[in-house]
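# Close look at the chain arrangement
The chain contents come next:
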Amino acid sequence: MVDIIATPSPLQELKSPLFERKGLSVWVKRDDLLHPVVSGNKWRKLKYNIQEAQGRACSRILTFGGAYSNHLHATAGACAKVGLSSVAVVRGEETLPLNSTLRFAAEQGMHLHYVSRSDYRMRYEESFQQALLDEYPGSYLVPEGGANADGVRGCKEIVEEVSMPFDKIAVACGTGTTLAGIALALNPGQQALGFSALKNGAFLDDEVAALVASEGLSTTQRNWNIQTNYHFGGYARVTPELIAFMQQFYKEHGFKLDPVYTAKMFYGVWDMMGNDAFARGTTLVLVHTGGLQGLKGMEERLGLNFYAE
Ligand SMILES: *Cc1c(COP(=O)(O)O)cnc(C)c1O
C-alpha cells in the first residue's frame, strides 16, 4: 500500500452573502492541501498506478505531459518519495532555462525525454509506446494526466471521504478521469458537475462514459454532466475577468485557485448560482483539485502576478 500522503483532505465550509441569498450550503474538498508537491487530484490518480508499478516490480514510471504539467510535477515528486525512477515524455523541444515545473521535476530526478509536437500526438499508439519501453526498460507506463482505470479508482476516494450528505459535487475537467471516479462513487440522487478547462469540451462526455464503463458499471444512468461554457478561451487561457474573480475569491475566502482548472470551475459555479441553477436547500461540494504549482509557470509566461498584494 502506498500511503505516502495522509488522507482525508479537509472539507471546509464557505460562507458568503450570495449563498445565504440563494439558500445554498457550499463546501470545498481541499485536495490542494494533500501535499505541497504531490497535490490534488494528481496524487489521487497516481496512487494505484504506483502501487501497480511496485506490484509488477517495475523500477520506474514512464509518463507524458506538457512543459507546465501538474501531472509531471506530481509524478516526479511522488516517485522520488517512494524510490521509483521516473521518465517524462515532454511535448515540444527543450527550452532553457527550464521553467519552474520542469526544473522541479529534474531536481526530483525525473529524466526529461523531449519529443516533437507531432511525435507527441502518437503517445497512445502501441508502437510509439513500445519504442519508449525498449529505451527505458523496467518502466511502468502511465498515460498523460494519469488517465486510466487506476487513476479513476483513486479518484473515487475523493467522494468516499466525504461523510456528510450532499446533493451535487463539482470538479474541473481536463481528461475527465477525476469526474469519472467521482461519478462512480456517488449515491443514488447525487450528481456530479464537470467543468471543462478546454474549449470544445463536449467530447469529455464520451470520455467519462468510457472511463465509467471500464469500471464495469452501466452508463445508462448518467449521474454527471459537463459544463462547456467556462473555458475562457481554451486550455491555459485566462481573461481579466477570470483573474479578477481569482483575486476577489482569495480576498473573501483566504485561499488560492489555479488559473488553468479550479478558477474556471469556481467561476462557473458562482455564475450558475447567480442564475439560480441550484434549487434552494442544495448542498454543494466543490473539489479543489490543486494545481497551484502551475501558477508560477503561468506568471512567468504572462509576466504578471495573479495574487499581488
Ligand atoms: C489535471 C487537473 C485537473 C483535471 O483532471 P482530469 O482528471 O484530467 O479531468 C483538474 N484540476 C487540476 C488542478 C488539475 O491539475
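Just so it is clear, the model here is predicted, and its values are computed rather than measured.

Moving on: the overall build of the protein. For the protein, the helix and strand inventory stands at twelve helices and ten strands. Against the 2.2 N^0.38 benchmark of 19 Å for 309 residues, the protein shows a C-alpha radius of gyration of 19 Å, consistent with a compact globule. Expressed as lengths along the three principal axes of its C-alpha atoms, the size of the protein is roughly 60 × 45 × 35 Å. Considering the protein as a whole, with its 309 residues, one finds that 57% of them fall into the buried category. Contacts in the protein between residues at least 24 apart in sequence constitute 72% of all its contacts with a sequence separation of at least 6. When the 29 basic and 32 acidic side-chain charges of the protein are each reduced to a single mean position, those positions are 3 Å apart.

Within the element layout of this structure, Thr75 appears in helix H3 (residues 70-82). Among residues more than four places away in sequence, those in contact with Thr75 are Leu46, Ile61, Thr63 and Met110.

Attention shifts here to the sheet that holds strand E6 (residues 139-141). Taken in spatial order, the four strands make up an open sheet running E5-E4-E3-E6, and their pairing is parallel. Every other strand in the sheet has two partners, leaving strand E5 (111-115) and E6 as the edge strands with one partner each. Geometrically, the sheet is characterised by an average inter-axis angle of 25° between neighbouring strands, direction not taken into account. Note: strand E3 (residues 60-65) against strand E4 (residues 85-91), six bridges, orientation parallel. In the strand pairing of E4, Leu62 is matched with Val87.

Once that is clear, we can look at the sheet that holds strand E9 (residues 224-227). By way of backbone hydrogen bonds, the strands of a sheet pair with one another, either parallel or antiparallel. Read across the open sheet, the six strands follow the order E1-E2-E10-E7-E8-E9; overall the sheet is mixed. The sheet is open, and its two edges are formed by strand E1 (11-14) and E9, each paired on a single side. Each strand axis lies, on average, 25° off the axis of its neighbour in the sheet, ignoring direction. Sheet analysis places strand E7 (residues 168-173) next to strand E10 (residues 283-288), joined by three bridges and oriented parallel. Along E10, the bridge assignment pairs Lys168 with Leu284.

On to the packing of aromatic side chains. The full count for this structure, using the stated rule, is 13 aromatic pairs. With 5.1 Å between their ring centres and 65° between their planes, Tyr250 and Tyr307 make a pair best called edge-to-face. One end of the pair, Tyr250, is in helix H10 (residues 240-253); the other, Tyr307, is in the segment after helix H12 (293-302), with 57 residues separating them in the sequence. Of the residues examined, Tyr250 reaches a relative accessible area of 27% and is grouped as partly exposed. Its relative accessible area of 7% is what places Tyr307 among the buried residues.

This part covers the site of the ligand. In the vicinity of the ligand lie 15 residues, with Lys42, Asn70, Thr175, Thr178 and Thr289 positioned nearest. Thr177 places a main-chain nitrogen or oxygen 3.4 Å from an oxygen atom of the ligand. At 2.6 Å, a side-chain N or O of Thr289 approaches a nitrogen atom of the ligand. Calculation on the ligand without its partners gives an accessible area of 390 Å², and the protein chains cover 98% of this total. Where the shell around the ligand is concerned, the elements lending two or more residues are helix H2 (40-55), E7 and helix H8 (177-185). Ranked by residue count, the leading element in the shell around the ligand is H2, at three residues. Within the shell around the ligand, the residues separate by chemical class into three nonpolar, ten polar and two charged.

A separate point is the state of the cysteines. The final tally for this structure, using the stated rule, is zero disulfides. In this model Cys58 remains outside any disulfide bridge; the closest cysteine sulfur is found in Cys79, 11 Å from its own. Of the residues examined, Cys58 reaches a relative accessible area of 16% and is grouped as buried. Here Cys173 stays free of any disulfide, with the sulfur of Cys155 as its closest cysteine sulfur at 11 Å. Overall, Cys173 belongs to the buried group, its relative accessible area being 1%.

Definitions and cut-offs
Residues numbered from 1 in each chain as written. Predicted model: local features only at pLDDT ≥ 70, side-chain atom pairs only at ≥ 80, totals over all residues. Heavy atoms only, no water. Helix = DSSP H or I, 4+ residues; strand = E, 2+ residues; numbered from the N terminus. Rg over C-alpha atoms; globule rule 2.2 N^0.38 Å. Buried < 20%, exposed > 50% of the residue type's maximum accessible area, 1.4 Å probe, protein only. Contact = heavy atoms within 4.5 Å. Lys, Arg positive; Asp, Glu negative; His and termini not counted. Charge placed at Lys NZ, Arg CZ, Asp CG, Glu CD. Pairing = 2+ DSSP bridges. Axes fitted to C-alpha atoms, helices over the stretch in contact; angles between N-to-C directions. Phe/Tyr/Trp six-rings, centres within 6.5 Å; stacked < 30°, edge-to-face > 60°. Near = heavy atom within 4 Å. Polar contact = N/O pair within 3.5 Å; in protein donor to acceptor, adjacent residues only side chain to side chain. Areas by Shrake-Rupley, 256 points an atom, 1.4 Å probe, with all protein chains shown as cover. Nonpolar A, V, L, I, M, F, W, Y, C, P; charged D, E, K, R; others polar. Disulfide = S-S within 2.5 Å.

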